[in-house]
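Observations on the three-dimensional arrangement
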Amino acid sequence: MSDLTNNKPEMGAFFARDRAWHAPALTPGYKTSVLRSPQRALLSLDGTLSEITGPVFGHSVIGELDNDLIHNFAKPGESAIGERIVVHGRVLDERGRPVPGALVEFWQANAGGRYRHKKETYLAAIDPNFGGCGRSITDDDGRYAFRTVRPGAYPWPNGVNDWRPAHIHFSIFGHGFAQRLITQMYFEGDPMIWKCPIVGTIPDKRAIEQLIAPLDWGNTIPMDARAYKFDIVLRGRRSTMFENRKEGN
Amino acid sequence: MVQELGYLRETPSQTAGPYVHIGLTPNYCDIGGVYETDLGSAMVNDKTLGERITVTGRVLDGAGALVRDAVIEIWQADSAGLYNSPSEMRGTADPNFAGWGRCPTRAEDGVFSFDTVKPGRVPFKDGRKMAPHITFWIVARGINIGLHTRMYFPEEAEANEADPLLLRIEHRERVDTLIAVREGSTYTFDIRLQGDRETVFLDI
C-alpha cells in the first residue's frame with residue numbers, strides 16, 4: 001500500500017457522500033431554502049479527474065495576521081473588543097488521516113453579533129477594530145489555529161423571533177474539488193443551538209453535535225484566552241490499488 | 001463481533017449564509033487591508049497558454065429571481081487538458097494557470113464572470129475523452145450544501161454527444177442546462193436552482 005510508505009499524491013476517487021448525514025436541500029423551517037433548493041434528483045457519478053484533483057494553496061498566500069482576527073483589521077496598537085478565544089483543531093478525512101495543506105477560511109460576527117457587511121441591519125454596534133475574516137493553511141498534521149473574539153448571537157429574519165446561536169463559519173479546501181465544504185462551528189453549552197432553524201436543517205442529532213466545539217481547558221492560555229477545539233472531517237479517498245486499469249497503464 | 005472500520009463521518013455542511021463574502025471575498029465587500037487580493041479573483045496572466053475566454057452567468061431561484069449573494073467557484077484543466085494539481089499524474093500543467101477561480105454574483109446585477117482559458121479534454125476513468133468542461137461549485141444563503149455542476153461548450157457538439165457524464169442524463173432535454181451559450185469569446189452559463197429548466201446538479 002503505497003500510501004502508507006511514502007507521500008505520493010493520492011489519485012483515488014472520494015467516498016460517496018452520505019447525503020442523509022447532511023441537511024437536505026429543501027428545509028422549509030429555513031425559509032430561504034424553499035426557492036433555492038434543487039428539486040430534481042442529483043445526477044450521481046463516481047468522481048472523475050475533474051473532481052479528484054484540486055488546486056494547491058501554498059503557505060505563501062497566508063499573511064502574518066491572517067489567523068489573528070483580534071488584530072488583522074485593528075488600528076495599530078488597538079484590538080477587537082470581546083471575549084478572547086483561540087479556535088484550533090485538525091482537518092482529517094473520513095479515514096482519520098490528517099489533511100495537510102488544506103486552506104481553512106473563517107468568518108464571523110463581532111462580539112455583539114454584528115457583521116461588517118453592507119446588507120447587515122442589526123442594531124448592534126460595529127466594532128471599528130474587527131473585520132471578521134481570517135484564514136490558515138493546515139500543517140503536516142492537518143492542524144490549524146486562530147485567535148479571535150467569541151462572536152455574539154444575533155436575530156435574523158426567518159420566523160418572528162429567530163436567533164442564530166454564536167457561531168463561526170468555516171470554508172475548507174482539501175486536496176480534491178469534491179471535498180469542498182462550508183460549515184459552521186458552534187460553542188459547547190450554548191442552549192440556543194437547539195432553537196436555531198439553520199442548525200435544525202440537519203436531521204441527525206449526532207451530526208449536529210459534530211459541529212459543536214468543546215471548551216479545551218488544557219489549551220486555554222492563562223490570563224489570555226480560552227481555547228475551543230474544532231476538528232473537521234472531509235471526504236475520504238479510495239485506495240487506487242484495486243482500481244481497474246486500462247491495458248498498458 | 002467484527003473488527004471496526006474506524007472511519008469518521010464527514011463534517012455536515014451548513015449554508016454559507018448571507019455574509020459569505022466576508023470570509024471568501026472580503027475585498028469585494030469593503031473589508032480592505034486584511035488580504036492583499038481576494039483568492040481566485042485572477043485566473044490568467046500574460047503568459048497563460050490557450051484560447052482566452054470569458055465565462056459569465058447568473059444564478060436564478062425557483063421564482064426566476066436573481067440570486068445576488070452567491071459565491072461561485074470553478075475548477076478546470078489547462079488548455080492542454082491537464083490539471084494543476086498534485087493528483088495529476090499525466091504531466092505538468094501550465095505553471096501560469098492555476099485552474100481555479102472564485103467570484104461572487106454581484107449584488108447589483110447578480111452576474112458572475114471569470115476570465116480564463118478554454119480547457120482541453122480530460123479522460124474519463126475508462127480512457128474515453130470527456131468533452132471540454134468547467135466544474136462549478138455554488139454556495140449561497142439558502143443552499144444547505146454546496147451544489148456541484150459542470151459547464152460544457154456549445155461548439156463541441158460531437159464531443160458533448162459522446163461525453164460520459166452527459167450520456168448519463170436520463171431526461172435528454174436537460175442536457176442543455178449544462179451547455180453554455182456562446183457569443184464570440186464569451187460563454188454565458190445561467191444556473192437555475194429550481195423550476196422547469198433546473199440545472200442538472202451532481203452528486204459526485
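Note that the coordinates shown come from a computational prediction; the quantities given were computed from them, not determined experimentally. (Residues numbered from 1 in each chain as written. Chains lettered and ligands numbered in written order. Predicted model: local features only at pLDDT ≥ 70, side-chain atom pairs only at ≥ 80, totals over all residues.)

1. Brief notes about the overall build of chain B
Put simply, the rule reads: Secondary structure counts use DSSP, requiring at least four H or I residues in a row for a helix and at least two E residues in a row for a strand, with both numbered from the N terminus. With the radius of gyration taken over C-alpha atoms, the globule rule is written as 2.2 Å times the number of residues to the power 0.38. Exposure in this text rests on C-beta crowding, where 20 or more other C-beta atoms within 10 Å of a residue's own make it buried, 12 or fewer make it exposed, and counts in between make it partly exposed. The C-beta atoms are placed from the backbone. Contact between residues is assigned whenever the C-beta positions, reconstructed from backbone atoms, fall within 7 Å.
When helices and strands are tallied, chain B shows two helices and 10 strands. Its helices and strands in sequence order give chain B the pattern α-β-β-β-β-β-β-α-β-β-β-β, from N to C terminus. Over its C-alpha atoms chain B spans a radius of gyration of 18 Å, differing by no more than 12% from the 17 Å that the globule rule assigns to 204 residues. The principal-axis extent of the C-alpha atoms belonging to chain B is close to 60 × 45 × 40 Å. Counting only residues that meet the buried cut, chain B has 50% of its 204 residues in that class. The long-range fraction of contacts in chain B, counting pairs at least 24 apart against all pairs at least 6 apart in sequence, stands at 67%.

2. Remarks on the pairing of strand 9 (residues 181–187) of chain A
Residues and elements named next belong to chain A. Threshold: DSSP bridges decide pairing: two strands pair if at least two such bridges lie between them.
In terms of residue burial, strand 9 counts as a mostly covered element, since seven of its seven residues are buried. Taking every second residue as pointing to the same face, both faces of strand 9 are buried, with Leu181, Thr183, Met185 and Phe187 on one and Ile182, Gln184 and Tyr186 on the other. Sheet topology places strand 8 (residues 167–173) next to strand 9; six bridges connect them, and they run antiparallel. When the bridges of strand 9 are listed, Phe170 appears paired with Thr183. Across two bridges, the pairing between strand 9 and strand 10 (residues 212–213) is parallel. Looking at the pairing, Tyr186 lines up with Ile212 of strand 10.

3. Observations regarding the interface of chain A and chain B
Much of the literature gives interface size as the accessible area that the parts lose upon coming together. Quick reminder of the rule: Here the term charged refers only to Asp, Glu, Lys and Arg, the term nonpolar to Ala, Val, Leu, Ile, Met, Phe, Trp, Tyr, Cys and Pro, and the term polar to all other amino acids, Gly among them.
With 76 residues of chain A at the contact, the number on the chain B side is 70 residues. Listed by contribution, the elements that provide at least two residues to the side of chain A that touches chain B are helix 2 (33–36), strand 1 (43–44), helix 3 (49–52), strand 3 (103–107), strand 8, strand 9 and strand 12 (232–234) of chain A. Taken together, the residues of the side of chain A that touches chain B break down into 32 nonpolar, 27 polar and 17 charged.

4. Focus on the sheet that holds strand 8 of chain A
Residue and element names in this part refer to chain A. Read across the open sheet, the five strands follow the order 4-3-8-9-10; overall the sheet is mixed. Sheet topology places strand 4 (133–137) and strand 10 at the edges, where each strand pairs with a single neighbour. Of the strand pairs in this sheet, strand 3 and strand 8 are connected by five bridges, and their pairing is antiparallel. For Phe106, the partnering residue across the bridge sits in strand 8 and is Phe170.

5. As for the nonpolar core
For clarity, the threshold we go by: Structurally, a nonpolar core is described as a collection of buried Ala, Val, Leu, Ile, Met, Phe, Trp, Tyr and Cys residues joined by way of C-beta atoms within 7 Å.
Counting residues in each nonpolar core, the largest one holds 115 residues, and the members touching the most others are Val91(A), Ile172(A), Ile138(B) and Val139(B). In terms of residue count, strand 9 of chain A provides more of this core than any other element does, five residues in total. Beyond its immediate sequence surroundings of up to four residues, Ile138(B) is in contact with Val59(B), Ala70(B), Ile72(B), Ile143(B), Gly146(B), Leu147(B) and Ile191(B).

6. What to know about the environment of Cys29(B)
Mapped onto the fold, Cys29(B) is located in the loop between helix 1 (20–24) and strand 1 (52–60). The spacing of Cys29(B) and Thr54(B) is 25 residues in sequence and 23 Å in space, taken between C-alpha atoms. When near neighbours in sequence (up to four residues on either side) are disregarded, Cys29(B) contacts His117(A), Lys118(A), His21(B) and Ile22(B).

7. Structural notes on the confidence of the model for chain B
The following threshold applies: pLDDT expresses how confident the predictor is about each individual residue, on a scale running from 0 to 100.
Summary statistics for chain B give a mean pLDDT of 97 and a share of 100% for residues scoring 70 or more. Across the predicted assembly, pTM comes out at 0.96 and ipTM at 0.97.

8. Notes on the confidence of the model for chain A
Any region with low pLDDT has predicted coordinates that should not be read closely. In this model, chain A carries a mean pLDDT of 93, and residues with pLDDT of at least 70 account for 93%. Contacts from residues 1–6 of chain A, a stretch scored under 50 in pLDDT, to residues over four places away or in other chains number five contacts.

9. Describing the pairing of strand 6 (residues 147–152) of chain B
Residues and elements named next belong to chain B. With six of its six residues buried, strand 6 lies for the most part within the structure. As judged from the six bridges shared by strand 5 (residues 133–139) and strand 6, these two strands associate in the antiparallel manner. Directly across from Ile138, in strand 6, lies its bridge partner Leu147.

10. Structural notes on unusual backbone geometry
At Met223(A), a residue that is not glycine, the phi angle is positive and equals roughly 60°. One can find Met223(A) in the loop between strand 10 and strand 11 (226–229). Phi is positive for Asp30(B), which is not a glycine, with a value near 70°.

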